[in-house]
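Okay, here's what each chain looks like letter by letter:
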Amino acid sequence: ASEPFNRPNSSSSSFILVGVPSSEAFTTCWGILFCSGYIITLVGNGVVLLVIGLDNSLRDPIHWFLAMLAVVDVVMVTSVIPKMLSIFCLKSTEIGYMACFVQMFLVHSTTSVESGVLLAMAVDRYVAICHPLRYQAILNRQTIAQIGLAIVVRALLFIVPLTGMVTHLPYCRSHVVPHSYCEHMAVAKLACADPRPSELYSVAGSSLIVGMDMAFIALSYGMILKTVLRKKSCWKAFSTCGCHLCVLLLYYVPGVVSIYAQQFGSGVSVHAQVLLADLYLTLPTMLNPII
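Because the structure is a prediction, the values reported are computed rather than measured. Per chain, residues are indexed from 1 in the order of the written sequence. Reporting of local features is limited, given that this is a predicted model, to residues whose pLDDT is at least 70; pairs of side-chain atoms are given and counted only at 80 or more, and all residues count toward the totals for whole chains, interfaces and linings. Values reported for side chains reflect all heavy atoms of the structure, with hydrogen atoms and water molecules removed beforehand.

1. What to know about the overall build of the protein
Then, in step 1: Secondary structure follows DSSP: runs of H or I at least 4 residues long count as helices, runs of E at least 2 residues long count as strands, and numbering of each begins at the N terminus. A count of helices and strands for the protein gives eleven helices and three strands.
Then, in step 2: Only protein chains enter the accessibility calculation, which uses a 1.4 Å probe. A residue is then buried if its area is under 20% of the maximum for its type, exposed if over 50%, and partly exposed in between. Split into buried and exposed, the 291 residues of the protein put 48% on the buried side.
Then, in step 3: In what follows, a contact means two residues having at least one pair of non-hydrogen atoms within 4.5 Å. The contacts of the protein with a sequence gap of at least 6 include a subset with a gap of at least 24, amounting to 78%.
Then, in step 4: Just so you have it, the protein exposes about 14,000 Å², and 71% of that area is on carbon and sulfur atoms. Throughout, the Shrake-Rupley method with a 1.4 Å probe supplies accessible areas, and for residues the shown protein chains are the sole cover considered.

Here it is, written out as structure tokens:
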């Protein structure tokens, strides 16, 4: 048990997920809460995809981006909540070595993809308001497909090296992950090698992606605001962005707080850090379809 393992076939190649530390008495409550959120997420995003698929009038770019967002939300929560429910309801805390890193890959790649889709939606609103006559010509199906491909490729370029760095660390200490899912920082801290390179890469990469996306989103809304203030019906034009702005706040505010609380929040309890990370993955995916 004291020997390092870094091979999927090792007999000790598994981790133990704690769930929410220091709240063992509330595991049933957490199970009911996250199960309810999962059902709402699946139903809500399923309805969005069904309506877009059945209604031929919903073929404009913004609805394609909404469909992308719904798919990403479903993949994100499905990668974590079923295992979380098995922890809270069935007391099945063990997760295999490969399953852990697959979960890690899905969680962090989908969060990057979702940020890219939110940026694409901001660009869509900019084109629709600032260049309405050229809207269909600029955002045609080929362009939308290229944007979607670029979003996915960017996420892979970020997450594949990170997953590789964490996967190749030797794990010879405790295999107990004080988390509800295989969050890469929580897993990397269990390594008997220095995990700081992967942690620094994660923070730098996440900050670059989020910072770049937020900067371009702010730029697009600045140009939208500049355009609509010249029109008499400015608030009517700007109101079309209201839902998107709500989703942006719901995604970025908890995400930024969660990332930096785990990396630099030495004064934040592990219990609070885990709850922040869990809510960051589940709350936006549940409320996005409603918004």
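2. Some words on unusual backbone geometry
Then, in step 1: For K91, which is not glycine, the phi dihedral falls at a positive 60 degrees.
Then, in step 2: According to the relative accessible area criterion, K91 is exposed, its value standing at 53%.

3. Describing the UniProt feature "transmembrane region" (unreviewed entry) in the protein
Then, in step 1: UniProt positions are given in the numbering used here, feature names are shortened, and annotations may be inferred rather than shown by experiment. When the UniProt feature table is mapped to this numbering, "transmembrane region" (unreviewed entry) covers residues 30-52, 64-81, 101-123, 144-166, 200-222 and 234-253.
Then, in step 2: Taken as a whole, residues 101-123 contains 100% helix and 0% strand, while its terminal C-alpha atoms sit 33 Å from one another.
Then, in step 3: Helix and strand shares over residues 144-166 are 100% and 0% respectively, and the end C-alpha atoms of the span are 33 Å apart.

4. Side note on helix α6 (residues 141-167)
Then, in step 1: In this scheme, a helix's expected span is set at 1.5 Å multiplied by one less than its residue total. The end-to-end C-alpha distance of α6, which contains 27 residues, comes to 38 Å, matching closely the 39 Å that a straight helix rising 1.5 Å per residue would cover.
Then, in step 2: Turning to α6, its buried residues number three or more, namely I144, G148, I151, A155, F158, I159, L162, T163, V166 and T167.
Then, in step 3: Next to the buried residues of α6 lie α2 (61-78), α4 (97-130), α7 (184-188) and α8 (196-228).
Then, in step 4: Regarding α6, its N-cap is N140, as a side-chain oxygen of that residue lies 3.2 Å from the backbone nitrogen of Q142 further along. For this analysis, a polar contact is any N or O atom pair within 3.5 Å, provided that within protein one partner can donate a hydrogen and the other can accept it, and provided that sequence-adjacent residues contribute only side-chain to side-chain pairs.

5. Details of the nonpolar core
Then, in step 1: One finds F15, F101, L118, Y171, V187 and I224 to be the most contacted residues of the largest nonpolar core, which totals 70 residues.
Then, in step 2: Here this core takes 16 residues from α4, the largest share from any one element. For the purposes of this section, nonpolar cores are sets of buried Ala, Val, Leu, Ile, Met, Phe, Trp, Tyr and Cys residues that join through side-chain atoms within 4.5 Å.

6. Regarding the pattern of salt bridges
Then, in step 1: A carboxyl oxygen of Asp or Glu within 4 Å of a side-chain nitrogen of Lys or Arg is what we treat as a salt bridge. What the rule picks out here adds up to three salt bridges.
Then, in step 2: One salt bridge connects R125 with D124, and the closest N-O pair in it is separated by 2.7 Å.
Then, in step 3: Accessibility expressed as a relative area gives 13% for R125, which makes it buried.
Then, in step 4: R154 serves as the salt-bridge partner of D213, at 2.8 Å between the closest nitrogen and oxygen. On the criterion of sequence distance, the pair formed by D213 in helix α8 and R154 in helix α6 is long-range, its members being 59 residues apart.

7. A closer look at the state of the cysteines
Such a bond, covalent and formed between the sulfur atoms of two cysteines, is termed a disulfide.
Then, in step 1: Two cysteine sulfur atoms form a disulfide, by the criterion used here, when they sit within 2.5 Å. Per the counting criterion, the structure on display carries one disulfide.
Then, in step 2: Between the sulfur of C100 and that of C182 lies a disulfide, 2.0 Å long from S to S. Taking the torsion about the sulfur-sulfur bond, which here is approximately -125 degrees, the covalent link between C100 and C182 counts as left-handed. Placement of the pair is C100 in helix α4 and C182 in the loop between β3 (176-177) and α7, with a sequence separation of 82 residues.
Then, in step 3: Judged by its relative accessible area of 0%, C100 is buried.
Then, in step 4: For C182, a relative accessible area of 0% puts it in the buried group.
Then, in step 5: C35 takes part in no disulfide bond, and the closest cysteine sulfur, belonging to C89, lies 6.8 Å away.
Then, in step 6: For C35, a relative accessible area of 30% puts it in the partly exposed group.
Then, in step 7: Since its relative accessible area comes to 47%, C89 is described here as partly exposed.

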